Amino acid sequence: MLPGSETVARLIAETAAIEIMPRFAKLGKDDISEKRPGDLVTVADVAAEARLSRLLLDLLPGSRIVGEEAVAANPKILEALAGDDPVWLVDPIDGTVNFAEAKPIFAVMVALVRRGVTLMGWIHDPVSGVTASAIAGEGAWRGGERLSTARTPSPGAGDGLLWSGNRKLARKIGASAEIIGSVFDLRCAGHEYLALASGEAHVALYHRLHPWDHAPGQLLHREAGGFSALLDGTPYVPRAISSGMLLAPDEASWRRFHALLIAAR
């Protein structure tokens, strides 16, 4: 039996209020370190992941945790995704660079997956205190409001999100499509997924597919009516790491942007 979505949302919000927000804009030099060059971790990341891990395991006995910080210390933890046990994916602070720079664009992301299927997902904005959630087959919601992706963009209309590790490539695609009013990178997948699932942005392109960064948001986007697939056309699964993923309002527009992407390379 799945845990109650509202219960999980409450645990996430309480963790953010206890471990994250009291440290926001108050981090000292010794509170920030690098897991690898350019990849930051703060004391808030570590504390939030530890608390959430304990609470989620208690909530669903027999489940396992795959947390960003735990995997950084021991990559073998990722092997849990190949097993039969339900797995909690935890990103304690998505957008750590923003958090460390005292910029209010970061999120807590959690998903419950089993056998390669994302069953439930949550994205919590600690600054606003609002949580978006999705259950497979039951839609996506934020603050009591059902989320819906943008209508299929038409030439010359609308703003959108087209993100790529190669910003020149992203802008080239955006210009050729003639339907993207802007290209922007929030440095926080959680907030980008919220923009996609609420219709504030149209298209996203991701290359680094760490499961804790994308399983919650991909489910939210899908349940809000969107379409996504890996760049080779196969469905996204939380174990995917390197292929790249494109998200769009629907399958027809996905195919259009995919063709533009291939042509721009």
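Going by the structure above, here's the rest.
Parameters at a glance
Residues numbered from 1 in each chain as written. Predicted model: local features only at pLDDT ≥ 70, side-chain atom pairs only at ≥ 80, totals over all residues. Heavy atoms only, no water. Helix = DSSP H or I, 4+ residues; strand = E, 2+ residues; numbered from the N terminus. Polar contact = N/O pair within 3.5 Å; in protein donor to acceptor, adjacent residues only side chain to side chain. Expected span 1.5 Å × (residues − 1). Buried < 20%, exposed > 50% of the residue type's maximum accessible area, 1.4 Å probe, protein only. Arc of directions from axis to C-beta. Contact = heavy atoms within 4.5 Å. 1 Å grid on protein atoms, 1.4 Å probe; cavity = no way out; pocket = protein on both sides within 12 Å on 5 of 7 lines; lining within 4 Å. Points joined across faces, edges and corners; volume = space filled by probe spheres on them. Nonpolar A, V, L, I, M, F, W, Y, C, P; charged D, E, K, R; others polar. Salt bridge = Lys/Arg side-chain N within 4 Å of Asp/Glu carboxyl O.

## What about the side chain of Ser-53?
- Turning to its location among the elements, Ser-53 is positioned in helix 2 (residues 43-59).
- A distance of 2.6 Å separates a polar atom in the side chain of Ser-53 from the backbone oxygen of Glu-49.

## Quick word on unusual backbone geometry
- Phi at Ala-102 takes a positive value of approximately 60°, unusual for a residue other than glycine.
- Tracing the backbone shows Ala-102 in the loop between helix 4 (96-100) and strand 5 (107-114).
- The residue Arg-187 is not glycine, and still its phi comes out positive at about 60°.
- Within the secondary structure, Arg-187 sits in the loop between helix 5 (167-177) and helix 6 (189-197).

## A look at helix 1 (residues 5-20)
- Between its first and last C-alpha atoms helix 1 spans 21 Å; for 16 residues at 1.5 Å apiece the expected length is 22 Å, and the two agree.
- Buried within helix 1 we find Ser-5, Val-8, Ala-9, Leu-11, Ile-12, Thr-15, Ala-16, Glu-19 and Ile-20. The arc that holds every buried residue of helix 1, seen down its axis, measures 160°, which confines them to one face.
- Packed against the buried residues of helix 1 are helix 2, strand 4 (87-94), helix 4, strand 5, strand 6 (117-125) and strand 7 (130-135).

## What to know about the layout of surface pockets
- In this structure, the largest pocket encloses a volume near 760 Å³.
- Along the walls of the largest pocket sit 30 residues, with Asp-39, Glu-68, Arg-208, His-210 and Asp-213 positioned nearest its centre.
- Per-element accounting of the lining of the largest pocket gives the leading share, 4 residues, to helix 7 (residues 211-223).
- The residue inventory of the lining of the largest pocket, partitioned by class, reads 14 nonpolar, 5 polar and 11 charged.
- Of the volumes computed, that of the second largest pocket is approximately 240 Å³.
- As for the second largest pocket, its lining consists of 14 residues, of which Ser-5, Glu-6, Ala-9, Ser-133 and Trp-141 are closest to the centre.
- Contributions of two or more residues to the lining of the second largest pocket are made by helix 1, strand 7 and strand 8 (140-142).
- A class-by-class count of the residues in the lining of the second largest pocket yields 5 nonpolar, 6 polar and 3 charged.

## What to know about the environment of Arg-114
- Looking at where Arg-114 falls in the secondary structure, it is placed in strand 5.
- Overall, Arg-114 belongs to the partly exposed group, its relative accessible area being 36%.
- Considered as a pair, Arg-114 and Asp-85 are 29 residues apart in the sequence and their alpha carbons are 6.5 Å apart.
- Ignoring anything within four residues of it in the chain, the contact list for Arg-114 reads Asp-84, Asp-85, Pro-86 and Leu-119.

## Section: the pattern of salt bridges
- Evaluation of the coordinates by the stated rule reveals 10 salt bridges.
- With its nearest N and O atoms 3.8 Å apart, the salt bridge here joins Asp-39 to Lys-35.
- Note that Asp-39 and Arg-36 form a salt bridge whose closest N and O atoms lie 2.3 Å from each other.
- A residue is classified by how much of its surface remains accessible, and Arg-36, at 45% relative accessible area, is partly exposed.
- Through salt bridges with shared partners, one network takes in Lys-35, Arg-36, Asp-39, Glu-68 and Glu-69.

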